[in-house]
Amino acid sequence: VKGMLQHSRTSTGQKEPTDINALCDEYLRLAYHGMRAKDKSFNCTLETHFDFSPPKINVVPQDIGRVILNLINNAFYACAERSRSTAAERKNLEGFQNLQGLAPYLPTVTVSTKNLGEKVEISVKDNGNGIPEKIKEKIFQPFFTTKPAGQGTGLGLSLSYDIVRAHEGEIKVESKENEGTEFIVMLPTT
């Protein structure tokens, strides 16, 4: 019920000029420390590629921060899942072949920004398992989740979609199974 209320809630925050690079960096670090607090064994390479020219854009920082945090948390989740499945696969192969030829999996999440003139692009990319093609069209629907019971409400991407649309922006996803996923958020600069 709490999730449903959050989903239907309209923001009361005020738009204000916001340094999108600082916002992305802050939520990347926050998400990483949150993930490490839940799972001490989780490690991930964090990369940032921030455009130094984006203007401050008028957004509700708490709402756009919530979108960024959700996308980054999902990226960490995908990397953690791939780490677990890769470790299990390597363990199953021990003794059957020489593992030296298998490259280890190095979880990586990259957050970047680009100034495109009338728009600013925010990208959150991971090298996790990727999203299967057959469910890609459903991921922004309320209550749809790929996570096991109790680990996801199915509201994160739906809320993110609604928040981005409320800011007159757009959000899209590019993904390849077993290679990773990239979420791209476009927000107007004016």
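Structural data are supplied above this passage.
Only a predicted model underlies this, so the values are computations on that prediction, with no experimental measurement involved.

Colleague: So, the overall build of the protein: which residues are in play, and what are the values?
Modeller: If you tally the helices and strands in the protein, you get four helices and seven strands. When its helices and strands are written in sequence order, the protein yields α-β-α-β-β-α-β-β-α-β-β. In the protein, of all internal contacts separated by at least 6 residues, the share reaching a separation of at least 24 is 72%. Split by element, the accessible area of the protein, about 11,200 Å² in all, is 51% carbon and sulfur.

Colleague: Give me the lowdown on the nonpolar core, citing residues and values where you can.
Modeller: Counting 40 residues, the largest nonpolar core has Phe 76 and Phe 183 as its most contacted members. Listing elements by their share of this core, those giving two or more residues are α2 (20–38), β3 (57–59), α3 (61–93), β4 (108–115), β5 (119–126), α4 (156–166), β6 (170–176) and β7 (180–188). Among the elements that line this core, the one with the most residues is α3, at nine residues. In this view, Phe 76 contacts Leu 28, Ala 31, Tyr 32, Met 35, Phe 42, Cys 44, Leu 46 and Val 109; residues no more than four positions away in its chain are not counted.

Colleague: Describe in detail the sheet that holds β5, supporting the description with residues and values.
Modeller: Across the sheet, which stays open at both edges, the five strands sit in the order β2-β4-β5-β7-β6 with mixed pairing between neighbours. Edge positions in the sheet fall to β2 (45–49) and β6, since each has one partner strand and no second. Mean inter-strand twist for the sheet, computed between neighbouring axes without regard to direction, equals 10°. Here β5 pairs with β7 via eight bridges, running antiparallel. By the bridge assignment for β7, Lys 119 is matched with Pro 188.

Colleague: Go over the environment of Thr 108, please, and point to the residues and values.
Modeller: With respect to the helices and strands, Thr 108 occurs in strand β4. Remark: the alpha-carbon pair of Thr 108 and Asn 127, spanning 19 residues in sequence, is separated by 5.9 Å. Leave out the neighbours within four places in its chain, and Thr 108 touches Cys 44, Thr 45, Glu 47, Cys 79, Lys 125, Asp 126 and Asn 127. Among the polar contacts listed, one links the side chain of Thr 108 to the backbone oxygen of Leu 106, at a separation of 3.1 Å.

Colleague: Would you mind going over the environment of Arg 82 in detail, with residue names and values included?
Modeller: The topology assignment puts Arg 82 in helix α3. It is 5.5 Å that separates the C-alpha atoms of Arg 82 and Gly 128, two residues lying 46 residues apart in sequence. Dropping the residues within four chain positions of it, Arg 82 is found in contact with Tyr 105, Asn 127, Gly 128, Asn 129, Asn 178 and Glu 179.

Colleague: Lay out the pattern of salt bridges in plain terms, naming residues and giving numbers.
Modeller: Per the counting criterion, the structure on display carries six salt bridges. Close ionic contact of Arg 29 with Asp 25 constitutes a salt bridge, the shortest N to O distance being 3.0 Å. With Arg 29 and Asp 25 both in helix α2 and four residues apart, this pair spans about one turn of that helix. According to the relative accessible area criterion, Asp 25 is partly exposed, its value standing at 26%. The partner of Arg 84 in a salt bridge is Asp 39, with the nearest N and O atoms 3.8 Å apart. Residue Arg 84 is located in helix α3, and its partner Asp 39 is located in the loop between α2 and β2; the two are separated by 45 residues in the primary sequence. What makes Arg 84 partly exposed here is its relative accessible area of 43%. A single salt-bridge network, built from bridges that share partners, covers Asp 39, Glu 81 and Arg 84.

About the thresholds
Positions within a chain are numbered from 1, following the residues in the order the chain's sequence is written. Residue-level local features of this predicted model are given only where pLDDT is at least 70; pairs of side-chain atoms are given and counted only at 80 or more, and the full residue set underlies all totals for whole chains, interfaces and linings. Side-chain measures were taken over the full set of non-hydrogen atoms in the model, leaving aside hydrogen atoms and water. Strands are runs of DSSP state E lasting at least two residues, helices are runs of H or I lasting at least four, and both sets are numbered from the N terminus onward. Contacts are assigned to residue pairs that have any heavy atoms within 4.5 Å of one another. With residues, only the protein chains shown are counted as cover, and all accessible areas are computed by Shrake-Rupley using a 1.4 Å probe. To qualify as a nonpolar core, a set must consist of buried Ala, Val, Leu, Ile, Met, Phe, Trp, Tyr and Cys residues joined through side-chain atoms within 4.5 Å. Buried residues are those whose accessible area, probed at 1.4 Å on protein chains only, stays under 20% of the maximum for their type, while exposed residues exceed 50% and partly exposed ones sit between those limits. Two strands qualify as a pair provided that DSSP identifies no fewer than 2 bridges between them. All axes are obtained by fitting lines to C-alpha atoms, using only the stretch in contact for helices, and the reported angles, taken between N-to-C directions, cover 0 to 180 degrees. As used in this structure description, the phrase polar contact means that two N or O atoms lie within 3.5 Å; if the pair is within protein, one of them must be able to donate a hydrogen and the other to accept it, and residues adjacent in sequence are counted only when both atoms belong to side chains. Within this document, salt bridges are pairs made up of a side-chain nitrogen of Lys or Arg and a carboxyl oxygen of Asp or Glu, the two lying within 4 Å of each other.

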